[in-house]
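# Analysis of the macromolecular model
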2 protein chains.
Amino acid sequence: MKASQFFISTLKEAPADAEVVSHKLMMRAGMIKRLGAGIYNYMPMGLRVIRKVEAIIREEMNRAGAVELLMPVIQPAELWQETGRFEGMGPELMRVKDRHGRDFIVQPTSEEVTTDIARQELRSYKQLPKNFYHIQTKFRDERRPRFGVMRGREFTMKDAYSFDRDAESAGRSYEGMYAAYKRIFDRFGLQYRAVAADTGAIGGDRSHEFQVIADTGEDAIVYCPTSDYAANIELAEALPLLAQRAAPTQPLVKAPTPGKATCADVAALLGLPLAQTVKSLVLATDEKNEHGEVVKSQVWLLLVRGDHELNEVKAGKVPGLGGGFRFATLAEIDAHFGCKPGYLGPVGLRQPLKVVADRTVAHMADFVCGANEVDAHYTGVNWGRDLPEPDLVVDIRNVVAGDPSPDGQGVLAIQRGIEVGHVFYLGTKYSAAMNATFLDETGKPKHFEMGCYGIGVTRILGAAIEQGHDERGIIWPAAIAPFEVVICPIGMDRSEAVKDAAEQLYAQLKELGVDVLLDDRGERPGAMFADWELIGVPERVVLSDRGLKEGQVEWQGRREAQATKLALSELLPQLKARLGR
Amino acid sequence: MKASQFFISTLKEAPADAEVVSHKLMMRAGMIKRLGAGIYNYMPMGLRVIRKVEAIIREEMNRAGAVELLMPVIQPAELWQETGRFEGMGPELMRVKDRHGRDFIVQPTSEEVTTDIARQELRSYKQLPKNFYHIQTKFRDERRPRFGVMRGREFTMKDAYSFDRDAESAGRSYEGMYAAYKRIFDRFGLQYRAVAADTGAIGGDRSHEFQVIADTGEDAIVYCPTSDYAANIELAEALPLLAQRAAPTQPLVKAPTPGKATCADVAALLGLPLAQTVKSLVLATDEKNEHGEVVKSQVWLLLVRGDHELNEVKAGKVPGLGGGFRFATLAEIDAHFGCKPGYLGPVGLRQPLKVVADRTVAHMADFVCGANEVDAHYTGVNWGRDLPEPDLVVDIRNVVAGDPSPDGQGVLAIQRGIEVGHVFYLGTKYSAAMNATFLDETGKPKHFEMGCYGIGVTRILGAAIEQGHDERGIIWPAAIAPFEVVICPIGMDRSEAVKDAAEQLYAQLKELGVDVLLDDRGERPGAMFADWELIGVPERVVLSDRGLKEGQVEWQGRREAQATKLALSELLPQLKARLGR
């Protein structure tokens, strides 16, 4: 490609609404252009990256035996009513009526449509397993679209759906996709982790997120540096403590803590470690009648250590809380504690409620908690002596770095990640809802065992940039860079020697199958270099009249601080080696 | 590709709702699967064709200097309000609200978005000309979707938009696209014509449709076999007659024509040629006030020869009718003619109205028309003698085969076509509406001169099949066939020799870059052959134990009636020659 036949549009400054570095750099490098909230034009430079990402995904999906098709963006509501998602999904599902008033949706995923295809096309166990995928435009009407392509509304996703005869075979399909995803992410050239993730209502242990590592990532990834263990923080278990609970050593004392409504403030005031305090979180669950009216509510007190965080996914699995919970109202809190939040605790409750202690809290002795009295906390609180043992002792907190690894092979570390892929075992959730069956060996209809496998194609761009950038701009891995090599001739319009050398090098690199751009715009060297550092092309070659007279060119890798002078004869072998040609 | 890793699903019978042959064959060959009215899944077999069509388009668009980007499917209404299309377009424009109640549309085309990009990105004449294109999902909410992909609601289109500094340069962009389209359609291997088309309100002569020739086509294409002339029937001009109008030879006579309300019936009754009769069509135009209320109506009488058809596009260009016309009401007809339709004519009108005669009619003598009296017609009618000369004499009819060619190079012929591409000079219609300007050499802002260029990607599939099929199924041109060659081994599971030969041939063809499918499904020969004839793969090779013992294979081109026995050594050169490798 020559720059004169392409479209390059860089900006010195990012627009004010760009909050994260990937959004800023994509806007500045002319990869995307905002059309509306969370809706972007993919400009020529950005589209090149998308196409490379898609090509890698397509090759590896095909290699893994998946079959590509194309399902529509606008889908009839009927199928989504069969699974209950038309009514059940929130406003992120964009609904639309056609000219006859019939309901449709703009697809956020395609479970329903693929299952509909399967129930019509896959009639016998002999046709299984089968894995259908497509790479298609999706829409999710995010409440607050932001971060550019990271949380946009319209985006491109690869979604695949596997159909198997039984759970065992579905497990093999799952493993096959897991392996394909590893190949895909390896080929992208990104640092990533495949982490175990929560399976929600479906249960089982077959759900993995593919997280691109980046300090700016929204997700916390838990892993064990001395073993294979890796999980989403939502899932990672905080193991029970092995040692016995210590015996009480302190009396129960009510300490004045005027205006200190947080564990941190109380600990500071009392000169105690934060790990000696206990945080009280008051939740409520509602029992409803057939009309959806609340007939009875139950208040719950959840206790986690002052330096720990409640894990809402784990809380949602506590028996009794699984049906959905809310934070308690001030009236409910007053009725049970006779006090306002900030000073609450499990000692001396007015009305009975369910006390759920995190495993760590249940193990504490001589701890500090609210005294259910404004401006006061208890110290020296001990289970059994000052209050009854908790109703339930469970894991309801996020793990922290240094916690023992659930696989017993070391201690946990935490890093940040950006979820760009997900493999998920669905079981018969959709096939049962849509009565999608095949005939097994005995001629009996059986629901398909399904899995779904997504990769956020456009999101990969944002994640790659969050991982790879510096103060000058983007640093793409070569496999998904818009171009692998850029040739920057200086004074091409004035020097025949430069022009000839540039054209010849361009032809040679093209001949080798290298994706090369010749910058024939005639920009000043400084502006030209700044553009390509911003855009993030991995390899740059500069040709100048003076250099050529000495038989030399300048080469600089995007991660190198300095350019290196090379004999023209050394350049091609060097580039070939670096690009693996 | 091996069949076992692919998805093949053929049907013996087409579904009842499939009306046209391409729809039937696409359904039977498993290329598409209906999801809703006018909404289809593109199954793996169909998607392969789409990808080949897209690749050819992409290569030639890039070769012509156009730059690919990707514009969103869901577009904010604001831009469409700037051009008036949000309110102005009918219900075929699908409108949708987001969760905040803001208006969006599902794109049918992207003039607004591209013009918005241009007005932000193209600031100087130095950046021009520029041509942006994308290949993207489109939606048109057709009132009556039908004919499969030929008139679907969701479809894939390539749409390109050029931006130029002046009309002359825009003309070059137009010619460049016209040439690129010829290369694209040549490469598809389809018979087509580029025909001049009407430019509607924009005017000028720069609009061409690319029509795939097919007897089942909806469009009539007018062309001159002895010259380059080709036009859509909407546009093709019926030239003025050169000879003088003949002098009257008959007296005006009122003939009883009881129950004969059509020209054909009247001519038959009177024993006269249909070409002696004149058809009366009564139209009306309305003048409206600022509130949109009709304040005044004008009735028009349009006259075409009995064997001719009114051309509504031409009628819309008659001075006074351009603002929009309707057919007159019965009350209006009664007020002006004192008679009901079927017996109307221009002689002896009750109230004055505008009489518009087609050029052919104005040239007639001794003609037949309604007598404005039920069950009666006049014969021997002559202009000037029996009624005043018409107010206007214009071309308002469709040309017919045998009419002189407008280029004076012969006579016209007519064939049927399917419109799959359109190049159109837009002028400043969109750039003026959206105030999209660049700075010219003198630093003054100027509106872009634009062109738009569409190709219906998915429609190509239907058009190719309408053109290429027989009683056994589809006949694809090799360039866009789902596979170029299919290898059908007979008894592959029983014979090692067949299996080895099949695998070896498969590897050899792949090595040559041939898109080959090895049918390893183990189907019976009859079913296997029927599938591939239905699917329409251009070249078939059959391997059998008996043939191989004699060193022979069977080859059959899809258009051949019989298979030919070839030595294995002759096969590859033969296939290479046929596929141009």
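Residues numbered from 1 in each chain as written. Chains lettered and ligands numbered in written order. Predicted model: local features only at pLDDT ≥ 70, side-chain atom pairs only at ≥ 80, totals over all residues. Heavy atoms only, no water.

Under an unreviewed UniProt entry, the name given to chain A is Proline--tRNA ligase, and the organism recorded is Roseateles rivi. What UniProt records for chain A under Sequence similarities (unreviewed entry) is the sentence "Belongs to the class-II aminoacyl-tRNA synthetase family. ProS type 1 subfamily." (UniProt positions renumbered as here; feature names shortened; annotations may be inferred.)

## Overview of the relation of the copies chain B and chain A
Superposing chain B onto chain A requires a rotation of 180° together with a translation of 0.0 Å along the rotation axis, leaving an RMSD of 0.2 Å. Each copy turns onto its partner about a two-fold axis. Across chain B, the rotation axis passes nearest the C-alpha of Val96 of chain B, at a separation of 2.7 Å. Mapped onto chain A, 98% of the interface residues of chain B are again interface residues, and the two copies thus contact each other with one and the same surface. (Least-squares fit on C-alpha atoms with pLDDT ≥ 70 in both. Contact = heavy atoms within 4.5 Å.)

## Describing the interface of chain B and chain A
Facing the 55 residues of chain B at the interface are 54 residues of chain A. Of all residues in chain B, the largest losses of buried area upon contact with chain A belong to Leu35, Leu70 and Arg99 of chain B, amounting jointly to 15% of the total for that side. Scanning the region where chain B abuts chain A turns up 6 salt bridges. Between Lys33 of chain A and Glu121 of chain B there is a salt bridge, with its nearest N and O atoms 3.0 Å apart. At the boundary of chain B and chain A, one finds 22 residue pairs in polar contact (both at pLDDT 80 or more). Grouping the constituent residues of the side of chain B that touches chain A by class yields 28 nonpolar, 10 polar and 17 charged. (Buried area = accessible area lost by both parts, 1.4 Å probe. Salt bridge = Lys/Arg side-chain N within 4 Å of Asp/Glu carboxyl O. Polar contact = N/O pair within 3.5 Å; in protein donor to acceptor, adjacent residues only side chain to side chain. Nonpolar A, V, L, I, M, F, W, Y, C, P; charged D, E, K, R; others polar.)

## What about the pairing of strand β14 (residues 278-288) of chain B?
Residues and elements named next belong to chain B. Bridge count for β14 against strand β15 (residues 294-305) is 11 bridges, and the pairing is antiparallel. Note that in β15 the partner of Leu281 across the bridge is Leu302. Taking the residues that link successive antiparallel strands as the turn, the β14-β15 hairpin has 5 residues, and the phi of Gly292 there is positive, at about 80°. Pairing of β14 with strand β16 (residues 326-327), which is carried by 2 bridges, proceeds in the antiparallel orientation. Residue pairing in the sheet places Leu283 in a bridge with Phe327 of β16. (Pairing = 2+ DSSP bridges. Helix = DSSP H or I, 4+ residues; strand = E, 2+ residues; numbered from the N terminus.)

## What to know about the sheet that holds strand β5 (residues 94-97) of chain B
Residues and elements named next belong to chain B. Spatial ordering of the open sheet is given by β4-β6-β5, a layout of 3 strands whose pairing is antiparallel. With partners counted over all chains shown, the strands left at the sheet margins are β4 (74-76) and β5, one partner each. Sheet twist, expressed as the mean angle between neighbouring strand axes with direction ignored, is 40°. Note that β5 and strand β6 (residues 103-106) share 4 bridges and pair antiparallel. Bridge pairing links Met94 to Val106 in β6. (Axes fitted to C-alpha atoms, helices over the stretch in contact; angles between N-to-C directions.)

## Some words on the packing of aromatic side chains
Applying the stated rule across the entire model yields 26 aromatic pairs over all chains. On the numbers, 5.4 Å between centres and 40° between planes, the contact of Phe185 of chain A with Tyr192 of chain A is tilted. Judged by relative accessible area, which is 16%, Tyr192 of chain A ranks as buried. Put simply, the rings of Tyr178, Tyr181, Phe185, Phe188, Tyr192 and Phe210 of chain A pair up and form one aromatic cluster. For the cation-ring pair, Arg540 of chain A lies above Phe529 of chain A, with the distance from its terminal atom to the ring centre recorded as 4.1 Å. When the ring centre of Tyr425 of chain B is taken as origin, the NZ or CZ atom of Arg206 of chain B, which lies over that ring, is 5.0 Å away. (Phe/Tyr/Trp six-rings, centres within 6.5 Å; stacked < 30°, edge-to-face > 60°. Buried < 20%, exposed > 50% of the residue type's maximum accessible area, 1.4 Å probe, protein only. Lys NZ or Arg CZ within 6 Å of the ring centre and 35° of its normal.)

## Thoughts on the domain arrangement of chain A
When cut into domains, chain A gives domain 1 (3-72 + 109-206 + 420-465), domain 2 (253-394) and domain 3 (483-579). Taking only C-alpha atoms, the centre of domain 2 of chain A and the centre of domain 3 of chain A are 65 Å apart. (Domains from an automatic or database assignment.)

## Side note on the sheet that holds strand β13 (residues 253-256) of chain A
Residue and element names in this part refer to chain A. Overall, antiparallel pairing links the 3 strands, which are arranged β13-β19-β18 in an open sheet. With one partner strand each, in any of the chains shown, β13 and β18 (367-370) form the two edges of the open sheet. Direction aside, the axes of adjacent strands within the sheet are offset by 30° on average. Direction of pairing for β13 relative to strand β19 (residues 376-381): antiparallel, over a ladder of 4 bridges. Residue pairing across strands places Ala255 opposite His377, the latter belonging to β19.

## Thoughts on helix α13 (residues 496-511) of chain B
Residues and elements named next belong to chain B. A rise of 1.5 Å per residue sets the reference length of α13, with its 16 residues, at 22 Å; its end C-alpha atoms lie 22 Å apart and thus fit the reference within 8%. Buried residues of α13: Val498, Ala501, Ala502, Leu505, Tyr506 and Leu509, and no others. All buried residues of α13 project into a common sector of 135° when viewed along the axis, lining one side. Pointing more than 90 degrees away from the buried face of α13 are the exposed residues Glu496, Gln504 and Glu511. Contacts made by the buried residues of α13 are with β27 (485-489), β28 (516-518), β29 (539-543), α15 (545-549) and α16 (568-579). Where α13 begins, the capping side chain belongs to Ser495, and its oxygen is found 3.3 Å from the backbone nitrogen of Ala497. Just past α13, the residue Gly513 takes up positive phi, approximately 80°. (Expected span 1.5 Å × (residues − 1). Arc of directions from axis to C-beta.)

## Considering the pattern of salt bridges
Pairing of side chains with opposite charge becomes possible as their charged atoms draw close. All names here are of chain B. Taken as a whole and assessed by the stated rule, the structure comprises 92 salt bridges over all chains. Here Glu60 makes a salt bridge to Arg183, at a shortest N to O gap of 2.8 Å. Highlighted residues: Glu60 in helix α2 (residues 44-63) and Arg183 in helix α6 (residues 167-188), separated in sequence by 123 residues. Judged by its relative accessible area of 2%, Glu60 is buried. Residue Glu112 pairs with Arg85 through a salt bridge whose shortest N-O separation is 2.8 Å.

## Here we look at the environment of Leu392 of chain B
Residue and element names in this part refer to chain B. For Leu392, the location among the structural elements is in strand β20 (residues 392-394). Owing to a relative accessible area of 25%, Leu392 belongs among the partly exposed residues under this scheme. Separated by 74 residues in sequence, Leu392 and Val318 place their C-alpha atoms 8.7 Å apart. Contact partners of Leu392, with chain neighbours within four places excluded, come to Trp300, Val318, Pro319, Val355, Val356 and Ala357.

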